[in-house]
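# A structural walkthrough
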Amino acid sequence: MIPDDARHELSKMLGERLALGKSDLALHGRSETWHPEMPPDAVAYPETTEEVADIVRICARHRVPVIGWGTGTALEGHGSAPRGGVTVDFRRMDAVLEVTADDMLVRVQPGCTRSRLAEELRATGLMFPVDPGADASLGGMASTRASGTTAVRYGTMRDHVRALEVVLADGRVIRTGSRARKSSAGYDLTSLFVGAEGTLGLITELTLKLHGQPEAVASAVCGFETTEGAITAVIEAMQLGLTPARIEYVDVATVRILNAADGADLPEMPHLLLEFHGTDDAVAAEAARMGEVAAENGGGDYRWAIRAEERTALWSMRHRAYHTILASRPGATAIVTDVCVPVSRLGEAIARAEAEIADSVLDGPILGHVGDGNYHAILMVDRGSQTEIDEAKRLSDAMVAHALEFGGTATGEHGVGLGKLHLMEAEHGEAWDVMGALKRALDPEGLMNPGKVVRPE
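First, a word on scope: everything that follows refers to the structure included in this document. Nothing here was measured: the structure is a model prediction, and the numbers come from that model. (Residues numbered from 1 in each chain as written. Predicted model: local features only at pLDDT ≥ 70, side-chain atom pairs only at ≥ 80, totals over all residues. Heavy atoms only, no water.)

### Focus on the overall build of the protein chain
- Each helix and strand counted, the protein chain has 16 helices and 18 strands in total.
- The C-alpha extent of the protein chain, read off along each of the three principal axes, is 70 × 55 × 40 Å.
- Expressed as a percentage of the 457 residues in the protein chain, the buried residues total 55%.
- For the protein chain, restricting intrachain contacts to residue pairs at least 6 apart in sequence, the fraction spanning at least 24 positions comes to 72%.
- Taken together, the 44 basic and 67 acidic charged side chains of the protein chain have centroids lying 5 Å from each other. (Helix = DSSP H or I, 4+ residues; strand = E, 2+ residues; numbered from the N terminus. Buried < 20%, exposed > 50% of the residue type's maximum accessible area, 1.4 Å probe, protein only. Contact = heavy atoms within 4.5 Å. Lys, Arg positive; Asp, Glu negative; His and termini not counted. Charge placed at Lys NZ, Arg CZ, Asp CG, Glu CD.)

Take a look at the structure:
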């Protein structure tokens, strides 16, 4: 429990913006996936960086844990409060502060969501391309080093965060990076906080890189005789220098579910979903060449989606796929893998995953961002069945073992949180201890999002 003195100080500062009710606490202790509920002792709703700094100072004095919260869409228990404490919910800090079109930059507060930013940019001719599917907050996306369907062409959050404002564990406010495109001035502190999952400080402002909106956009769907053919087509396309904005894979199980739920009318075979950005001529040429590569690898029925409403329907279906898959087993939750491997080993990795799942009692449709070697298995479980949860964890860990064997990683975009913590030593070895040393240097009391990313003390 929060000490009375700390609660009194926070309440005096925030008034009704300090929530102590059971429903608010429960909401901030839940995960989108299988993790058990771990609520905080209080939820703070700051409106300024100064308030965030004051909250952190009060918590530091009383040794109260602090957990950052965006929109709650993370999948690995990042926002859970295993030691209680205060969750800092950034929903009231959601402004787009400044768009600098000439520099192709935007400054935002951490609670600003991806869709809100897209709406603000609509009339500028610019866009922010990182698209994790969920309407996540930009502060949360930076904290987990998120990516998504467009990473194959545009990159991840790591590639788009130019500068940050961060409140440290002792309440100091620092700025990292600058508006300049490059710098050789000292340590890259911006990259240190991107992906730290709130364990080193709370992000209170972000300066993000933007891109020009493409002149032309076209999408395509293509079925393949085999998974190997689909993945080989991806590899050959990359070797030829083709740069689709999106290259998504869905397996047969996913196709069946999407057909039943969305009336997709896709042949029951593995599919690639593609999108191309550029000039009219470039998009037409690249899409045509991709069709040739697909046909050479057992691809057929290369369907175009040129009209905006057709493209929107296609990608809305893909973004809803996780919840659509869950709905195919009413009441289910999921353990979701997001391993990432070198593209050259992707076919083998997916084949091993499919074989493991086929030998299991669980269903686990597979889909992913195959252009950069990232795939997901949605391992559906009954939240009340420890047997099913244990089996899903076994399958997930086996996929990670394969990924590490192939030179990959346990998590390509979801982050560590609680769910991937036990895999960090296998991936990083002694480097994990270096992460712990950085954590102790910046947060000696271990109050910032405890229990995540680094080795438990």
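Don't stop here, the text continues.
### Describing the pairing of strand β10 (residues 201-209)
- Buried residues dominate β10, accounting for 8 of its 9 residues.
- In the sheet, strand β6 (residues 105-108) pairs with β10 via 4 bridges, with the strands oriented antiparallel. Bridging from a neighbouring strand, L105 pairs with K209 of β10.
- By the bridge criterion, 7 bridges tie strand β8 (residues 161-168) to β10 in an arrangement that is antiparallel. Residue pairing across strands places E165 opposite E205, the latter belonging to β10. (Pairing = 2+ DSSP bridges.)

### Here we look at the nonpolar core
- Formed by 46 residues in total, the largest nonpolar core has its most connected members in L272, M290, V370, Y375 and M399.
- For this core, the secondary-structure elements that each account for two or more residues are β12 (216-224), α8 (227-239), β13 (246-250), β14 (271-278), α10 (280-296), α13 (346-358), β18 (374-382) and α14 (386-405).
- In terms of residue count, the dominant contributor to this core is α14 (6 residues).
- When near neighbours in sequence (up to four residues on either side) are disregarded, M399 contacts T337, V339, A353, I357, Y375, A377 and L379. (Core = buried A, V, L, I, M, F, W, Y, C linked by side-chain atoms within 4.5 Å.)

### Description of the side chain of K439
- For K439, the position within the fold is in helix α16 (residues 430-442).
- Its relative accessible area of 8% is what places K439 among the buried residues.

### Re unusual backbone geometry
- Not every positive phi belongs to a glycine, and R145 is a case in point at roughly 55 degrees.
- In this structure, D301 is a non-glycine residue whose phi angle is positive, near 55 degrees.
- Mapped onto the secondary structure, D301 falls in strand β15 (residues 299-305).
- With relative accessibility at 46%, the residue D301 sits in the partly exposed group.

### Some words on the packing of α8 against α10
- Between α8 and α10, the least distance of the axes is 9 Å, while the angle of their chain directions is 140 degrees. In terms of their interaxial angle, α8 and α10 are classed as oblique. Pair α8 / α10 crosses with right-handed handedness. Of α10, the residues touching α8 (which contributes A233, E236 and A237) are M290, V293, A294 and E296.
- Across the contact of α8 with α10, the residue classes tally to 5 nonpolar, no polar and 2 charged. (Axes fitted to C-alpha atoms, helices over the stretch in contact; angles between N-to-C directions. Parallel < 35°, antiparallel > 145°, perpendicular 65-115°, else oblique. Left-handed = near helix turned anticlockwise from the far one by under 90°. Nonpolar A, V, L, I, M, F, W, Y, C, P; charged D, E, K, R; others polar.)

### What about the sheet that holds strand β1 (residues 18-19)?
- Reading across the sheet, the 4 strands line up as β1-β2-β4-β3 and stay open at both edges, with mixed pairing between neighbours. One side of each edge strand has no neighbouring strand; the edge strands of this open sheet are β1 and β3 (66-69).
- Here strand β2 (residues 42-44) pairs with strand β4 (residues 86-89) via 3 bridges, running parallel. From the neighbouring strand, A44 faces β4, where its bridge partner is V88.

### Examining the environment of G223
- Here G223 shows up in strand β12.
- By relative accessible area, G223 is classed as buried at 3%.
- Here the alpha-carbon distance between G223 and L272, two residues 49 residues apart in the chain, equals 6.5 Å.
- Look past the residues within four positions of G223 in its chain and what remains in contact with it is M269, P270, H271, G298, G299 and G300.

### Comments concerning the side chain of N297
- For N297, the position within the fold is in the loop between α10 and β15.
- For N297, a relative accessible area of 16% puts it in the buried group.
- Leave out the neighbours within four places in its chain, and N297 touches F224, G229, T232, A233 and E236.

### Some remarks on the packing of aromatic side chains
- Scanning the model with the defined rule gives 1 aromatic pair in all.
- Seen from their ring centres, Y302 and W304 are 5.9 Å apart, and the 85 degrees between their planes marks the pair as edge-to-face.
- Residue Y302 is classed as partly exposed on the basis of its relative accessible area, which comes to 22%.
- Note that R246 overlies the ring of W315, its terminal NZ or CZ placed 4.8 Å from the centroid. (Phe/Tyr/Trp six-rings, centres within 6.5 Å; stacked < 30°, edge-to-face > 60°. Lys NZ or Arg CZ within 6 Å of the ring centre and 35° of its normal.)

### So, the pattern of salt bridges
- If you walk through the whole model with that rule in mind, you get 37 salt bridges.
- Taken together, the salt bridges that share partners define one network made up of E98, D103, R107, E165, R175, R179 and E205. (Salt bridge = Lys/Arg side-chain N within 4 Å of Asp/Glu carboxyl O.)

### A word on the sheet that holds β8
- Sheet architecture is open: 5 strands sit in the order β5-β6-β10-β8-β9, paired in antiparallel fashion. The open sheet terminates on both sides in strands that have one partner only, identified here as β5 (96-100) and β9 (173-177). Each neighbouring strand pair of the sheet contributes to a mean axis angle of 15 degrees, computed without reference to strand direction.
- This element, helix α4 (residues 114-121), spans β5, β6 and β10 of the sheet and lies at about 45 degrees to β5.

### Here's the deal with the environment of L208
- Its location among the elements puts L208 in strand β10.
- Given the relative accessible area of 0%, L208 is considered buried.
- With 131 residues separating them along the chain, L208 and G77 place their C-alpha atoms 26 Å apart.
- Setting aside residues no more than four positions away along its own chain, L208 makes contact with M104, L105, V106, V108, L117, F128, L138, M157, H160 and V161.

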